[in-house]
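Letter by letter, the chains look like this.
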Amino acid sequence: MAEQKNIIEARNLTIGYDENVVLKDVSFEVRQGEIFVILGGSGCGKSTLLKHLIGLHAPMSGEIQIEGRDLVSAEGDERQEILTRIGVSYQSGALFGSMTINQNVRLPLEEYTDLPENALALIAWMKLRLVGLEESGGSLPSELSGGMQKRAAIARAMALDPAVVFLDEPSAGLDPVTSAELDALILRLNETMGTTFVIVTHELPSIYAIADRVIMLDKKKQGIIAEGSPEELRDHSAEPFVRQFFHRQSSEEEAQS
Amino acid sequence: MSSDNDPAELTIEDGRIVLKGRLDAKNAAAIWSRALKAAEKGSTLDASGVTYCDSSGAALFYELQKQRGAKIEGLPEDARGLLKPYADADFPKLGGGKEKHEPAATSIGRVAVAMAGDMREQLVFTGQATVALLHGLVNPRIVRWGDMWRTFETAGVNALVIVGMIGFLTGMIMAFQSTVPLQQFGVDIFVVNLVSLAMLRELGGIMTAIVLAGRSGSAFAAEIGTMKVNEEVNALTTMGLDPVRFLVVPKLMAAILVTPLLTIYANVIGIMGGLMVVMLFNHPWAAIYNQLVSAVTLHDIATGLIKSFFFGALVGGIGCLRGLQTKSGASAVGDSTTRAVVSGIFLIIAVDAIFAVVFWAIGF
């Protein structure tokens, strides 16, 4: 497999809201099949970057290419086509409350394909089985626990076999066990489906467990201060803040255990 | 050379089904039903020509293999990987009693039980609200007067323009429509009686109440409903605060207070509108005035006003009740608002009819 192919390429990206620049002249790429984690202290622009990568906001300048196609300048059908190649699971899950889990997963399939009814039902069931929710398809989102809602949201994000799935703080508000289960799920999906993941998180244990590559953003420098595998950053980063980030949290964990 | 982007192709060669090309969601949809039709139990499918397969394609293979019992040869590597998690899983058969048709008697029974339940809730709520209201009147310190006056302003003062306009126009229209036929008998001065009695006894009160149901009953339901959805009502309850006292009483008081005032205002404006039309038909002011004074009694004014207190309680109460009945979900608040307006208007008319009979029976 072409492991080195870039799914996302961000070039000289400057982003922000109104006049406030959050990140300046940022470039990075996400390779096919990897789990890519965006890291940083609160308010450094992680979520803002994510919102730009999924096309909710347009950058002030720079390019975002998804599978070689420019997301920023794309319009109409072309833009829609690019958007079907990405899946997003929002922090709160953002499942449609008036639809069952099954209908939530089926919605993108119904809207974008002409598959017959039994095929839709079968694919929805397959997707739900991937995340271990095939028994809960008939439930409303409000009837599920937080962890199950997150998994259902991932199933919906993967409904159209996207090239890349974005997860915004998947383990926020989950207990350590559920959060570890979610990590295992992400790894499993990454392995069986070959899906690329871009994840925003601060959970150190899950970064070690799943991340292939990490970029770390910094508020003051308005850019990327480190890039590499989590172990590399922990042990060899030249930036004191990066080492501090990895070490202080992990030393605290050591002290606790 | 076949490229990765060739659309999927399905052909049948010597009883073997041959699948070729790119099997993604779009292409799988195109050949899905043909593939199922072609596959019989034990038939063989050659999939070695498939260049790309995503989970729609995998679903097709699953369907053919597991459900139809077809043999698949040359399954591509990516499809094999996609199908791995389902090796020992069975897709539950569709239509398995999910959408059962229930007999008519069952539906009627269920609706009846739901209606009885709703009626019971209304009754319980009426009791709770009355007790809380009286309790508040006896101990004025526990009433949240700030909320009360704010509601009074939004439901009352801010409604002056719309109530006035509707009242004025109704008076005018009524006078205009009745002047023409009454003129044929030369008694068009009696339009004054018609307009004033109709406004005072019925229309002023009813119209005000309906405007209030649409403007404020819905607002009460939406406000309390949103609080319910956001668990703010639960927060009140766990603080030991009674939601009825905290949320309902101020709104109810404001509605009961504001409706008669708005009704008086609507009556005055409505009658003015009617009289203006009469004046346009060249009746002197003195004659109109005399006609008005001789037609209207204190009784007529009282009937309208007594009713308006009840209308106010009704609109405020039903709005708050629908708000408290709000379930969860994005559409719940909208449902409550609709229900507040619909049952509000219906009850206004129903109560007005009851009053008509009662007043007639006691000779009021």
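What you see is a predicted model; the values in this text were computed from it and never measured.

**Some points on helix α7 (residues 191-229) of chain B**
Each α-helix winds once per 3.6 residues, and so residues spaced three or four apart point in a common direction.
(1) Moving on: Helix geometry: α7 of chain B is bent most strongly at Met-199 of chain B, by close to 60°.
(2) Moving on: Remark: Glu-231 of chain B follows α7 of chain B within two positions and exhibits a positive phi of approximately 65°.

**Focus on the packing of aromatic side chains**
Each pair of aromatic rings is reported with the distance of its centres and the angle of its planes.
(1) Moving on: Considering all chains together, one arrives at nine aromatic pairs over all chains under this definition.
(2) Moving on: On the basis of an interplanar angle of 45° and a centroid distance of 5.7 Å, the ring pair of Trp-125 of chain A and Tyr-62 of chain B is categorised as tilted. One end of the pair, Trp-125 of chain A, is in helix α4 (residues 117-130); the other, Tyr-62 of chain B, is in helix α2 (residues 55-67), on a second chain. We note that Trp-125 of chain A, like Tyr-62 of chain B, is buried.

**Side note on helix α5 (residues 146-157) of chain A**
Residue and element names in this part refer to chain A.
(1) Moving on: With twelve residues, α5 extends 16 Å between its outermost C-alpha atoms, agreeing within 8% with the 16 Å of an ideal straight helix rising 1.5 Å per residue.
(2) Moving on: Of the positions making up α5, those classed as buried are Gly-147, Lys-150, Ala-152, Ala-153, Ile-154, Ala-155, Arg-156 and Ala-157.
(3) Moving on: Where α5 is buried, its residues meet β6 (86-89), α3 (101-112), α4, β7 (164-168) and α6 (176-192).

**Quick look at the confidence of the model for chain A**
(1) Moving on: With 95% of its residues at a pLDDT of at least 70, chain A reaches an overall mean of 84.
(2) Moving on: Between the elements of chain A, mean pLDDT differs from a low of 64, seen in helix α9 (residues 240-256) of chain A, to a high of 92, seen in strand β8 (residues 196-200) of chain A.

**What about the interface of chain B and chain A?**
By a frequent convention, interface size equals the accessible area lost on bringing the separate parts together.
(1) Moving on: Taken together, the contact pairs 26 residues of chain B with 19 residues of chain A.
(2) Moving on: Contact between chain B and chain A buries roughly 2,000 Å² in total, counting both sides, with carbon and sulfur atoms accounting for 70%.
(3) Moving on: Looking at the side of chain B facing chain A, the largest losses of area belong to Trp-32, Tyr-86 and Phe-91 of chain B, adding up to 27% of the total buried there.
(4) Moving on: Applying the counting criterion to the chain B and chain A interface returns zero salt bridges.
(5) Moving on: On inspection of chain B and its partner chain A, the count reaches four residue pairs in polar contact (both at pLDDT 80 or more).
(6) Moving on: Counting residues per element, the ones that place at least two in the side of chain B that touches chain A are α1 (25-38), α2 and α3 (77-83) of chain B.

**Focus on the sheet that holds strand β3 (residues 35-40) of chain A**
All names here are of chain A.
(1) Moving on: Read across the sheet, six strands follow the order β6-β7-β8-β3-β9-β10 without closing on themselves; strand pairing throughout is mixed. Edge positions in the sheet fall to β6 and β10 (223-228), since each has one partner strand and no second. Neighbour-to-neighbour, the strand axes of the sheet open up by a mean angle of 20°, direction not taken into account.
(2) Moving on: Two strands pair when backbone bridges link them, and β3 and strand β9 (residues 213-218) are joined in this way by five bridges, in the parallel orientation. Note that in β9 the partner of Leu-39 across the bridge is Met-216.

**Focus: the pattern of salt bridges**
(1) Moving on: Taken as a whole and assessed by the stated rule, the structure comprises 24 salt bridges over all chains.
(2) Moving on: Among the ionic pairs, Glu-63 of chain A bridges to Arg-11 of chain A, the shortest N-O distance being 3.0 Å. Taken together, the residues Glu-63 of chain A in strand β4 (residues 61-66) and Arg-11 of chain A in strand β1 (residues 6-17) connect sequence positions 52 residues apart.
(3) Moving on: One salt bridge in this structure joins Asp-118 of chain B and Arg-322 of chain B, with 3.2 Å as the shortest N-O distance. Separated by 204 residues along the polypeptide, Asp-118 of chain B in helix α4 (residues 104-138) and Arg-322 of chain B in helix α11 (residues 298-324) bring together distant segments of the chain.
(4) Moving on: Taking relative accessible area as the criterion, Arg-322 of chain B reaches 4% and is therefore assigned buried.
(5) Moving on: A single network of salt bridges, built from pairs that share partners, joins Glu-29, Arg-31, Glu-34, Arg-213 and Glu-227 of chain A.

**As for the sheet that holds strand β2 (residues 20-31) of chain A**
Residue and element names in this part refer to chain A.
(1) Moving on: Across the sheet, four strands lie side by side as β2-β1-β4-β5; this open sheet has antiparallel pairing. In the strand order of this sheet, the two ends are held by β2 and β5 (69-70), each with one partner.
(2) Moving on: This element, helix α1 (residues 46-53), spans β1, β2 and β4 of the sheet and lies at about 120° to β1.

**Considering the pairing of β8 of chain A**
All names here are of chain A.
(1) Moving on: For β8, the tally of buried residues reaches five of five residues, placing the bulk of the element in the interior.
(2) Moving on: Burial along β8 is two-sided: Thr-196, Val-198 and Val-200 facing one way and Phe-197 and Ile-199 facing the other are all buried.
(3) Moving on: Summarising the sheet, β3 and β8 pair through four bridges and their orientation is parallel. Bridging from a neighbouring strand, Phe-36 pairs with Val-198 of β8.
(4) Moving on: In this structure, β7 lies alongside β8, joined through five bridges in parallel fashion.

**Describing the packing of helix α9 (residues 243-280) of chain B against α11 of chain B**
A pair of packed helices can be characterised by two numbers: the angle between their axes and the separation between those axes.
All names here are of chain B.
(1) Moving on: α11 packs onto α9 with a crossing angle of 150° between their chain directions and a minimal axis gap of 8 Å. The crossing of α9 and α11 is right-handed. Of α11, the residues touching α9 (which contributes Val-244, Val-248, Lys-251, Leu-252, Ala-255, Ile-256, Thr-259, Pro-260, Thr-263 and Ile-264) are Leu-305, Ser-308, Phe-309, Phe-311, Gly-312, Ala-313, Gly-316, Gly-317, Cys-320 and Leu-324.
(2) Moving on: The class makeup of the residues in the contact of α9 with α11 is 13 nonpolar, six polar and one charged.

**Section: the pairing of β7 of chain A**
A regular strand carries its side chains on alternate faces of the sheet.
Residue and element names in this part refer to chain A.
(1) Moving on: In terms of residue burial, β7 counts as a mostly covered element, since five of its five residues are buried.
(2) Moving on: Burial of the side chains of β7 extends over both faces: Val-164, Phe-166 and Asp-168 are buried on one face and Val-165 and Leu-167 on the other.
(3) Moving on: Note that β6 and β7 share four bridges and pair parallel. Across the sheet, residue Ser-89 finds its bridge partner in β7, namely Leu-167.
(4) Moving on: Crossover handedness for the path β7 to α6 to β8: right-handed.

**Some thoughts on unusual backbone geometry**
(1) Moving on: Phi angles above zero are rare outside glycine, and Asp-25 of chain A is one such case at about 50°.
(2) Moving on: Of the residues examined, Asp-25 of chain A reaches a relative accessible area of 48% and is grouped as partly exposed.

**Focus: the side chain of Asp-183 of chain A**
Residues and elements named next belong to chain A.
(1) Moving on: With respect to the helices and strands, Asp-183 occurs in helix α6.
(2) Moving on: Buried charge without a partner: Asp-183 forms no salt bridge, and the closest opposite charge is Lys-150, 11 Å away.
(3) Moving on: Excluding residues within four positions of it along the chain, Asp-183 makes contact with Ser-206, Ala-209 and Ile-210.

Conventions adopted
- Residues numbered from 1 in each chain as written.
- Chains lettered and ligands numbered in written order.
- Predicted model: local features only at pLDDT ≥ 70, side-chain atom pairs only at ≥ 80, totals over all residues.
- Heavy atoms only, no water.
- Bend = angle between axes of the 7 residues up to and from the residue.
- Helix = DSSP H or I, 4+ residues; strand = E, 2+ residues; numbered from the N terminus.
- Phe/Tyr/Trp six-rings, centres within 6.5 Å; stacked < 30°, edge-to-face > 60°.
- Buried < 20%, exposed > 50% of the residue type's maximum accessible area, 1.4 Å probe, protein only.
- Expected span 1.5 Å × (residues − 1).
- Contact = heavy atoms within 4.5 Å.
- pLDDT = per-residue confidence, 0-100.
- Buried area = accessible area lost by both parts, 1.4 Å probe.
- Salt bridge = Lys/Arg side-chain N within 4 Å of Asp/Glu carboxyl O.
- Polar contact = N/O pair within 3.5 Å; in protein donor to acceptor, adjacent residues only side chain to side chain.
- Pairing = 2+ DSSP bridges.
- Axes fitted to C-alpha atoms, helices over the stretch in contact; angles between N-to-C directions.
- Left-handed = near helix turned anticlockwise from the far one by under 90°.
- Nonpolar A, V, L, I, M, F, W, Y, C, P; charged D, E, K, R; others polar.
- Right-handed = clockwise from strand over helix to strand, strands pointing away.
- Lys, Arg positive; Asp, Glu negative; His and termini not counted.

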